[in-house]
Amino acid sequence: MTTPPDAPRTPPRPFGAVLTAMATPLGADGALDLDGAARLATSLVDAGCDGLVLNGTTGESPTTSPEEKARVVRAVLEAVGGRAHVLTGAGSNDTAGSVEAARAAEAAGAHGLLVVTPYYSKPPQEGLLAHFRAVADATGLPVMVYDIPGRTATPVEVTTLRALAEHPRVVAVKDSKNDLLAASQVMASTDLAWYSGEDALNLAHLAQGAAGVVSVVAHAAAGAYRQMVDAVDAGDLPTARALHVRLLPVVDAMMNRTQGAASASAVAQLLGATPHRTVRLPLVALTGEQLEHLRGALTEAGLL
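By the naming in an unreviewed UniProt entry, the protein goes by 4-hydroxy-tetrahydrodipicolinate synthase and is assigned to Pseudokineococcus marinus. What UniProt states about the protein under its Sequence similarities (unreviewed entry) heading is, verbatim, "Belongs to the DapA family." Comment text from UniProt for the protein, heading Pathway (unreviewed entry), reads "Amino-acid biosynthesis; L-lysine biosynthesis via DAP pathway; (S)-tetrahydrodipicolinate from L-aspartate: step 3/4."

Structural data, given as structure tokens:
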């Protein structure tokens, strides 16, 4: 007996379905605000997230030390580790350094690793394959490959992802490549769990079978994205489309008008999770005018 095409579907979700690429709260002086990190993580999980990705680009990974990254992981695990999957960034353009970061993340208690494509070096696909395998071999933690050629200059090609899918600990992809055809090809030919890493394409990825989202906009819209995932799972695309349209002003304000880490920190401040919207140079905090534009978009979407 065949399954009707509109039957509910629940793809494998090794890291949950609604993940936030979480900002790292900082004090006015730029020091870590670990209490703020715990509050922000708790508010996100309460709002509908079942996963958090720490120490990514949105989480100040380029500007925080290895020791600071471990402290953030421990603070968030203490706050919500029993209620959400807690991943941490462990990638760089140095394979040996990425292996060391992965082992440090495991020691800190992280549930999984986000490993970005090596940036700036522009390695060949054979180098990417060896890099990701080396990091996955270094610990017992499951790995989410982060494919974002707009920042790294190198895409992870379909054939490379298919080869990585054979590794027992490479279980997921965060896709910020914005190539829906390549995404569908990998989903059709592997067991990799697919996560949208581009908020503008969350609905498109979910509709073609993605496991979930790793979202910056979820700082403001975790509950709405939970509803979107549930609607797609139930085959209710009209509801999912309505949520997509409702969130468009916020996606535009957070991802197109300003830099994502700065806008995420500003949302955390606007929603009362942290007292400051500080980011570390070379990023700069939102200006008053930018903050008011963001506030207006959140209000228009019914999120503030």
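Having put the structure on the table, let's press on.
(A) Structural context of the pattern of salt bridges. A complete count under the given rule lists 10 salt bridges for this structure. Between Asp233 and Arg13 there is a salt bridge; the shortest N-O distance is 2.9 Å. Of the two residues, Asp233 is situated in helix H9 (residues 218–233) and Arg13 in the segment before strand E1 (18–21); the sequence distance between them amounts to 220 residues. The closest approach of N and O atoms between Glu292 and Arg295, which form a salt bridge, is 3.3 Å. In this pair, Glu292 and Arg295 are both assigned in helix H12 (residues 288–300), 3 residues apart and thus about one turn of the helix distant.

(B) Broad picture of the environment of Ala224. You can see Ala224 is positioned in helix H9. Take Ala224: its relative accessible area is 6%, and that puts it in the buried class. Expressed as a C-alpha distance, the spacing of Ala224 and Val18, which sit 206 residues apart in the sequence, is 9.9 Å. Beyond its immediate chain neighbours, meaning those up to four positions away, Ala224 contacts Leu243, Arg246 and Leu247.

(C) Looking closely at the UniProt feature "binding site: pyruvate" (unreviewed entry) in the protein. In the numbering used here, UniProt assigns the feature "binding site: pyruvate" (unreviewed entry) to Thr58 and Val214. A compact arrangement is adopted by the annotated residues: their sequence extent is 157 residues, whereas the largest C-alpha distance between any two is 11.2 Å. Mapping Thr58 onto the fold places it in the loop between strand E2 (51–54) and helix H2 (66–80). The exposure class of Thr58 is buried, given its relative accessible area of 12%.

(D) Seen up close, the packing of H9 against helix H10 (residues 237–255). It is at 8 Å that the axes of H9 and H10 come closest, and there the two elements cross at 155 degrees. By the angle between their directions, the pair H9 and H10 is classed as roughly antiparallel. Crossing hand, H9 versus H10: left-handed. Together, Ala220, Ala221, Ala224, Tyr225, Gln227, Met228, Ala231 and Val232 of H9 and Leu237, Thr239, Ala240, Leu243, His244, Arg246, Leu247, Val250 and Val251 of H10 make up the contact between the two elements. Each residue belonging to the contact of H9 with H10 can be placed in one class, and the counts come to 13 nonpolar, 3 polar and 1 charged.

(E) Looking closely at the packing of aromatic side chains. Using the criterion set out here, one finds 0 aromatic pairs in the structure. If you follow Lys174 out to its NZ or CZ, it ends over the ring of Tyr146, 4.0 Å from the centre.

(F) Spotlight on the sheet that holds strand E4 (residues 112–116). Taken in spatial order, the 8 strands close into a barrel running E1-E2-E3-E4-E5-E6-E7-E8, and their pairing is parallel. Taken pair by pair, the neighbouring strands of this sheet meet at an average axis angle of 25 degrees, ignoring direction. In the sheet, strand E5 (residues 143–147) pairs with strand E6 (residues 170–175) via 5 bridges, with the strands oriented parallel. Of the residues in E6, the one forming a bridge with Asp147 is Asp175.

(G) The arrangement of the pairing of strand E3 (residues 85–89) in detail. Within E3, 4 of the 5 residues are buried, leaving the element largely enclosed by the surrounding structure. Sheet topology places E2 next to E3; 4 bridges connect them, and they run parallel. Among the inter-strand pairings, Gly51 is bridged to a residue of E3, identified as His85. Judged from the 3 bridges that link them, E3 and E4 form a sheet pairing that is parallel. What sits directly across from Gly89, in E4, is Leu114. Of the crossover connections in this fold, the one passing from E3 over helix H3 (residues 95–108) to the parallel E4 is right-handed.

Reading the values: rules and limits
- Residues numbered from 1 in each chain as written.
- Predicted model: local features only at pLDDT ≥ 70, side-chain atom pairs only at ≥ 80, totals over all residues.
- Heavy atoms only, no water.
- UniProt positions renumbered as here; feature names shortened; annotations may be inferred.
- Salt bridge = Lys/Arg side-chain N within 4 Å of Asp/Glu carboxyl O.
- Helix = DSSP H or I, 4+ residues; strand = E, 2+ residues; numbered from the N terminus.
- Buried < 20%, exposed > 50% of the residue type's maximum accessible area, 1.4 Å probe, protein only.
- Contact = heavy atoms within 4.5 Å.
- Axes fitted to C-alpha atoms, helices over the stretch in contact; angles between N-to-C directions.
- Parallel < 35°, antiparallel > 145°, perpendicular 65-115°, else oblique.
- Left-handed = near helix turned anticlockwise from the far one by under 90°.
- Nonpolar A, V, L, I, M, F, W, Y, C, P; charged D, E, K, R; others polar.
- Phe/Tyr/Trp six-rings, centres within 6.5 Å; stacked < 30°, edge-to-face > 60°.
- Lys NZ or Arg CZ within 6 Å of the ring centre and 35° of its normal.
- Pairing = 2+ DSSP bridges.
- Right-handed = clockwise from strand over helix to strand, strands pointing away.

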